Amino acid sequence: MDKSDFLVNNGPFIRFPLVDFIASCREENMSEIDLTLQAPHVYVDSDGYWLPEILKERKRNQISIHCVTPLPYRYTICAGEGTIQYEKSLAYYKQCILLAQEIGAVYLCITGSGACYDYEKSALMDNAENMLIQLAEFAGVRGITLLLGSVLGEECEVNASTPVLVKLSEISDMLRRVRSSYLKAYLDTEVISLCGETISQWFNELGEQICLIRLTDGNYNGYRLWGRGCLPCDRFLAEIWNNNYRGKFSLQIPGERYMEDPVSANKENISYLMSAVAGIMGEKCVTPAAKAKETRHGNN
């Protein structure tokens, strides 16, 4: 586990040009990104999408997009077939998948956000199953895997966004119902903590179906930089390592809490995490470049 395992995110840079975010990535010697599909950095809706040149020329700009995270707006995978919301939501997420394909992403993160509280949970789950079957097939043909994650529900009344797909049992049930190799899961440390769930419970239930971990601090009022919430970073990292997870970690912090000075927030978050990683690994955390240098020396 080292710096190369972490994905930086443009979310807090919503008031800044994307070029400023890319410059911040370079300054931190990080090149892999979890890209939030937010204006003004990119634009996507049910009719199409727009990409800036900096994302079209990723090699020249020394960045790669590991995964994309669409904002739900008023679209939802829980919309009922035959409604305008269903038609627009299905079209929106297909456009997000096409965008992900164009910029070379591996994964697209998706949730049950925006589900209507007026409907029975069983009906909403049926709706989500129907749409995810279609989206997983559409994504798979294009080399994209959807990652279904839980979001804040009734456990966090201030930030609740849906009555379904908020617990491990619901995520696991949906993966079983869709049964697609192009639908897997991501784990969000803030969400599962508010639900009273543990990292080990998720790995015991889903195992290798967990393809991404959104590693954030937080409390009952939302997401925080590491060290500003109440979650135990060191214990979480050790538990993740002991469950044999060797995938990527997204540093996405949803919301606009740190949008006034995202560069400083980025530095603080990464610095805290690298110190924690160094403690867990029992050695100084090294950069990918340093690791490559050590390998070359070892081969001489």
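Residues numbered from 1 in each chain as written. Predicted model: local features only at pLDDT ≥ 70, side-chain atom pairs only at ≥ 80, totals over all residues. Heavy atoms only, no water.

Student: Please explain the overall build of the chain as it appears in this structure.
Tutor: Each helix and strand in the chain was counted, giving ten helices and twelve strands. Relative to a compact globule of 300 residues, whose C-alpha radius of gyration would be 19 Å, the chain shows 19 Å and is just as compact. Taken over the C-alpha atoms alone, the chain extends approximately 65 × 40 × 40 Å along its principal axes. Going through the 300 residues of the chain one by one, you find that 53% of them count as buried. Taking the contacts inside the chain whose residues are at least 6 apart along the sequence as the reference set, 76% of them involve residues at least 24 apart. (Helix = DSSP H or I, 4+ residues; strand = E, 2+ residues; numbered from the N terminus. Rg over C-alpha atoms; globule rule 2.2 N^0.38 Å. Buried < 20%, exposed > 50% of the residue type's maximum accessible area, 1.4 Å probe, protein only. Contact = heavy atoms within 4.5 Å.)

Student: Even after reading the chapter, I still don't get the confidence of the model for the chain, so can you show me in this structure?
Tutor: Reading predicted coordinates in detail is not appropriate for stretches of low pLDDT. Across the chain, pLDDT averages 92, with 92% of residues at or above 70. For the stretch residues 284-291, pLDDT sits under 50, and the model shows 13 contacts to residues farther than four places along the chain or on other chains. Taken together, the stretch residues 293-300 has pLDDT below 50 and engages in one contact with residues farther than four places along the chain or on a different chain. (pLDDT = per-residue confidence, 0-100.)

Student: Sorry, what's going on with the pattern of salt bridges here?
Tutor: Pairing is possible between side chains of opposite charge, provided their charged atoms come close. Scanning all chains against the criterion turns up 14 salt bridges. Among the salt bridges present, the one from Lys267 reaches Glu27, with a minimum N-O distance of 2.5 Å. Here Lys267 is found in helix 9 (residues 262-281), whereas its partner Glu27 is found in helix 1 (residues 18-27), with 240 residues between them in sequence. Residue Glu27 is classed as exposed on the basis of its relative accessible area of 52%. A salt bridge links Asp173 to Arg177; the shortest N-O distance between them is 3.3 Å. With Asp173 and Arg177 both in helix 5 (residues 168-178) and four residues apart, this pair spans about one turn of that helix. For Arg177, a relative accessible area of 25% translates into the label partly exposed. Linked through salt bridges whose partners overlap, the residues forming this network are Lys3, Glu27, Glu28 and Lys267. (Salt bridge = Lys/Arg side-chain N within 4 Å of Asp/Glu carboxyl O.)

Student: Looking at this structure, how should I read empty space enclosed by the protein?
Tutor: By rolling a water-sized probe across the atoms, one finds the places where empty space is left. Following the criterion strictly, the structure yields one cavity of 30 Å³ or more and no others. A volume near 100 Å³ is recorded for the largest cavity. Around the largest cavity, the lining residues are Asn9, Pro12, Phe13, Leu225, Leu251, Gln252, Ile253, Tyr258, Pro262, Ala265, Asn266 and Asn269. Ranked by residue count, the leading element in the lining of the largest cavity is helix 9, at four residues. (1 Å grid on protein atoms, 1.4 Å probe; cavity = no way out; pocket = protein on both sides within 12 Å on 5 of 7 lines; lining within 4 Å. Points joined across faces, edges and corners; volume = space filled by probe spheres on them.)

Student: I'm lost on the layout of surface pockets in this one. Help?
Tutor: Here the largest pocket defines a volume of roughly 810 Å³. Taken together, 33 residues form the lining of the largest pocket, with Leu71, Pro72, Tyr223, Pro254 and Gly255 sitting closest to its centre. Looking at the lining of the largest pocket, the elements that each hand over two or more residues are strand 5 (64-70), strand 6 (107-110), strand 8 (183-188) and strand 11 (222-224). Its residues assigned to classes, the lining of the largest pocket shows 15 nonpolar, 14 polar and four charged. (Nonpolar A, V, L, I, M, F, W, Y, C, P; charged D, E, K, R; others polar.)

Student: Sorry, what's going on with helix 5 here?
Tutor: Think of an α-helix as 3.6 residues a turn; residues three or four steps apart then line up on the same face. The complete set of buried residues in helix 5 reads Leu168, Glu170, Ile171, Ser172, Met174, Leu175 and Val178. Elements in contact with the buried residues of helix 5: helix 4 (121-141), strand 7 (145-148), strand 8 and helix 7 (199-206). Backbone geometry just after helix 5 places Arg179 at a positive phi near 50°.

Student: Is there a simple way to think about the nonpolar core in this case?
Tutor: Side chains that are nonpolar tend, in soluble globular proteins, to be buried together. Phe6, Leu55 and Ile77 are the most contacted members of the largest nonpolar core, which totals 81 residues. A per-element tally of this core places helix 4 first, with nine residues. With residues up to four places along the chain from it excluded, the contact list for Phe6 reads Met1, Met30, Glu32, Leu215, Phe249, Leu251, Leu273, Met274 and Val277. (Core = buried A, V, L, I, M, F, W, Y, C linked by side-chain atoms within 4.5 Å.)

Student: Sorry if this is basic, but what is going on with the side chain of Thr36 here?
Tutor: Structurally, the position occupied by Thr36 is in strand 2 (residues 32-37). A polar contact of 3.0 Å, which involves the side chain of Thr36, links it to the side chain of Gln252. With residues up to four places along the chain from it excluded, the contact list for Thr36 reads Asn9, Asn10, Gly11, Val42, Thr69, Leu71 and Gln252. (Polar contact = N/O pair within 3.5 Å; in protein donor to acceptor, adjacent residues only side chain to side chain.)

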